[in-house]
Amino acid sequence: MENKELQRKELDILNDVPFVFELEYNKEKTIQEKKFFGLITTNKTINEKVKEEFKIYPLRLSTMDRMAKYQIELYLDKSKFEKENKDVDTFNEMKLVAFNNAEAMASIVTIAVLGADYSEKKFHKLKKVLYDNLTPYKLELITNEILSYSSLANFLNSTVTMSTKTTISPNEVE
């Protein structure tokens, strides 16, 4: 990326501009159907194709703490993918890695979308939608964007800067 693009992206994070992604999926909808000249109504569930926009705002510390539970589950054994290791079926191993990490990544994206306050029911419902409808590429892309929005590097750098002596620190007397 160009320098201006990187600066623009960092300013967006600092100014709480959300990362936005769209997802098209089938959503269950219940409709009432009238029978026998409108005297009897029954509920019927239909699937309706929906295009929904999800927004991820720069993360707060409480949200990052909740995401950490799933981030520690992400695991990749790089030794299985080295050129010297010819005993491993690479394609099947990659499918296994995707399967093992996809659920944790979907949980991370769900927490980032929902933010601070949410119910377990809402969490599981959105996680299922994301898990069932995002491609592995899109899931990984969004997860990486979330990690950049957490801005932990900036937080650590500012903490280190604050911990050094300042101009108001008392000078040692010799």
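Residues numbered from 1 in each chain as written. Predicted model: local features only at pLDDT ≥ 70, side-chain atom pairs only at ≥ 80, totals over all residues. Heavy atoms only, no water.

With 17 bridges connecting them, strand β1 (residues 19–35) and strand β2 (residues 40–56) associate as antiparallel partners. Looking at β2, one finds that F19 is bridged to I56. Between β1 and β2, which pair antiparallel in sequence order, lie four residues; one of them, F36, sits at a positive phi of approximately 55°. (Pairing = 2+ DSSP bridges. Helix = DSSP H or I, 4+ residues; strand = E, 2+ residues; numbered from the N terminus.)

Here helix α5 (residues 136–150) is 15 residues long and its end C-alpha atoms lie 21 Å apart, about the 21 Å a rise of 1.5 Å per residue gives. Of all the residues in α5, the buried ones are L139, I142, T143, E145, I146, Y149 and S150. Buried residues in α5, looked at end-on, bunch into an arc of 160°, giving them a common side. The exposed set on the far side of α5, more than 90 degrees from its buried face, consists of P136 and Y137. (Expected span 1.5 Å × (residues − 1). Buried < 20%, exposed > 50% of the residue type's maximum accessible area, 1.4 Å probe, protein only. Arc of directions from axis to C-beta.)

Okay, the pattern of salt bridges next. Applying the stated criterion across every chain, the model contains five salt bridges. Between K127 and E103 there is a salt bridge; the shortest N-O distance is 3.1 Å. On the criterion of sequence distance, the pair formed by K127 in helix α4 (residues 120–133) and E103 in helix α3 (residues 90–114) is long-range, its members being 24 residues apart. Judged by its relative accessible area of 13%, K127 is buried. Judged by relative accessible area, E103 falls into the partly exposed class, the value being 43%. A salt bridge links K128 to D132; the shortest N-O distance between them is 2.8 Å. Pair noted here: K128 and D132 are both in helix α4, with a separation of four residues, about one helical turn. (Salt bridge = Lys/Arg side-chain N within 4 Å of Asp/Glu carboxyl O.)

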